[in-house]
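# Overview (structure and organization)
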Amino acid sequence: MDGLLYGMVRANQQKKLIVVGEKESLLKDPFTGQLYSHAPSLKMCDLSPENTRVLMDLFPFTKPVRVLDFPTTIGTGDRLGLATPGHLRAVHQFKVRPVLAQQSIRENNQTGRNYKEVIADAAWAVFQEDFREGYGADGDHLKSLDEVKEALEAGVSMVTLDLSEKLNLEAAILPKEAIERRFEGEIDAGEGEVLLHLFLDKEFRLRGERGDLVIHFSEEEVKRKVLLFHQAIDFSEEVYQCIHQHTGRRPLIDFELSIDEIPHPTSPETHLFLVIVLRHRGIWVTSLAPRFIGEFQKGIDYRGEITSFRDQFYRHLLITRHYGDYKLSIHSGSDKFSIFPHIGEISQGRVHLKTAGTSWLEAVRLISLQNPSLYREMHQKALSSFGEASKQYQVTADLSHIPSLDSLADSELHGLLDQEDARQLLHITYGFLLRSPLRERIFHMLKDYEEDYTSLLDKHIQKHLDYLGVERRDQ
Ligand code: ZN
């Protein structure tokens, strides 16, 4: 650009931006760095926050943009800040757009990072791979207005608002009299009447090629759902307005609502109720993450009845099509290979899939292959942290199914990454491993073996996209 050549170099363990060209042009170049003026002149620049801002100005494709309007999108959370090149090489083969920077506050706390760093890591990797098609950055599972503001300030292009703490789950089980009483007491009379009017004495018939979905609401049901959602909807409205203030009138942010981390699957009735009330309030979502039936445990395949999943997924999809054509978002979507073909087929590829943990597990796989002794230490640390970690993540791993390390030769260790209990063990303890003294050695290994890590991820994310049935690009 302007007679200068820009590229990434790695010196020992550190990556730098290098700019090469005539000295006069280099002096005008906006990056801050160390100038070496023998011919050809060059400048070495740190990947500092200041240079990250310059990068995004000079090469706008390195800045996150909203991508969810593209038919198929995949979230590839990179917890380490080292996985993006692998994600991009896979994504580049398919008709798909990536959300490369995708972290929840919980993940950031576990890995000791913040949104600015997460986005910067993605931006430099996008530059390194010369990926010019656009990528998203998702502030995932945000639970308060302050968290949303923090993510917006850092430059996310997507907000995933987690409503779980604002739901009144009691409303599903309270006796009828209690529902009547609380509806009278908690809901403004005028608003209550409007809401009842939206649903009562109506038939909601949503037509589709695989059969229609027909839903009626009883008065009791409507009141239960109003009580379940009313705080959550007020909260969504508050956040929606905050996003609009931040970005002006044009919605530059993908807005997702998630109710996947609640104890019960979301019925189509509940989904329909929520979206009708949202539209009534003027809130438009880009995507919605219901809790689907069956189990979506971290890092392993789907557990549950595939026929009922298909049936429910189709019903949810019909609702999205009739109420604004937003997307269904599949959370904890890593490694759900048995249902991917069904999701792809029923949605005709119009879906958002979120993965994250599986890329961490590929990092662990790399270490098991290249540095067995480090792997053994990590495995021990994971075992001793499991009790604590399983308080935060719902898993069913049975540690007694995991072969003891002493019984395995070095060459057999990587097999543990194909065993479900061991995968769950290593998945949910990532924060403990990354906050332990092992952290430095883990990063050191992954940087030394960057190309190997990249090709493991490339293969693994390609497998996800292939199972989903995403079309490959004509090369
Ligand atoms: Zn989720």
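Anyway, here's the lowdown on the structure attached to this text. What you see is a predicted model; the values in this text were computed from it and never measured.

The next thing to look at is the side chain of Asp-458. Mapped onto the elements of the fold, Asp-458 is located in helix α18 (residues 450–468). The buried charged residue Asp-458 lacks any salt bridge partner; its closest oppositely charged side chain belongs to Arg-89, at an N-O distance of 6.2 Å. The residues touching Asp-458, leaving out its near neighbours within four places in the chain, are Gly-86, Arg-89 and Ala-90.

A word on the packing of aromatic side chains. Scanning all chains against the criterion turns up 22 aromatic pairs. Between the aromatic rings of Phe-59 and Phe-61, the centroid separation amounts to 6.1 Å while the plane-to-plane angle is 65°, which identifies the pairing as edge-to-face. Each of the two residues, Phe-59 as well as Phe-61, counts as buried. Seen in terms of ring centroids, Tyr-240 and Phe-255 are 5.6 Å apart; in terms of plane orientation they differ by 40°. Their pairing is tilted. With a gap of 15 residues between them, Tyr-240 in helix α9 (residues 219–247) and Phe-255 in strand β11 (residues 254–258) connect regions that are remote in the sequence.

Another point: the environment of Lys-15. Turning to its location among the elements, Lys-15 is positioned in strand β2 (residues 14–21). For Lys-15, a relative accessible area of 27% corresponds to the partly exposed category. Separated by 192 residues in the primary sequence, Lys-15 and Arg-207 have C-alpha atoms spaced 54 Å apart. Those residues in contact with Lys-15 that lie beyond four places of it in its chain are Met-8, Val-9, Arg-10, Leu-47, Gln-128 and Glu-450. Looking at Lys-15, its side chain comes within polar contact range of the side chain of Gln-128, at 2.6 Å. At a separation of 2.9 Å, a polar atom in the side chain of Lys-15 contacts the side chain of Glu-450.

Below, the discussion takes up helix α17 (residues 439–448). The α-helix advances 3.6 residues per turn, and as a result positions three or four apart in sequence lie on the same side. Taken together, the buried positions of α17 are occupied by Ile-442, Phe-443, Met-445 and Leu-446. Angular distribution of buried residues about the axis of α17 spans 160°; they occupy a single face of the element. Turning to α17, the residues buried within the fold contact α13 (357–370), α14 (372–389), α16 (430–434) and α18.

Now for the environment of His-141. Here His-141 shows up in strand β7 (residues 136–142). Excluding its chain neighbours within four sequence positions, the residues that come into contact with His-141 are Ser-104, Glu-147, Thr-160, Asp-162, Ser-258, Asp-260, Glu-261 and His-331. Side-chain polar atoms of His-141 contact the side chain of Asp-162, separated by 2.7 Å. Side chain to side chain, His-141 and His-331 meet in a polar contact 3.1 Å long.

Conventions and cut-offs
Residues numbered from 1 in each chain as written. Predicted model: local features only at pLDDT ≥ 70, side-chain atom pairs only at ≥ 80, totals over all residues. Heavy atoms only, no water. Helix = DSSP H or I, 4+ residues; strand = E, 2+ residues; numbered from the N terminus. Buried < 20%, exposed > 50% of the residue type's maximum accessible area, 1.4 Å probe, protein only. Lys, Arg positive; Asp, Glu negative; His and termini not counted. Salt bridge = Lys/Arg side-chain N within 4 Å of Asp/Glu carboxyl O. Contact = heavy atoms within 4.5 Å. Phe/Tyr/Trp six-rings, centres within 6.5 Å; stacked < 30°, edge-to-face > 60°. Polar contact = N/O pair within 3.5 Å; in protein donor to acceptor, adjacent residues only side chain to side chain. Arc of directions from axis to C-beta.

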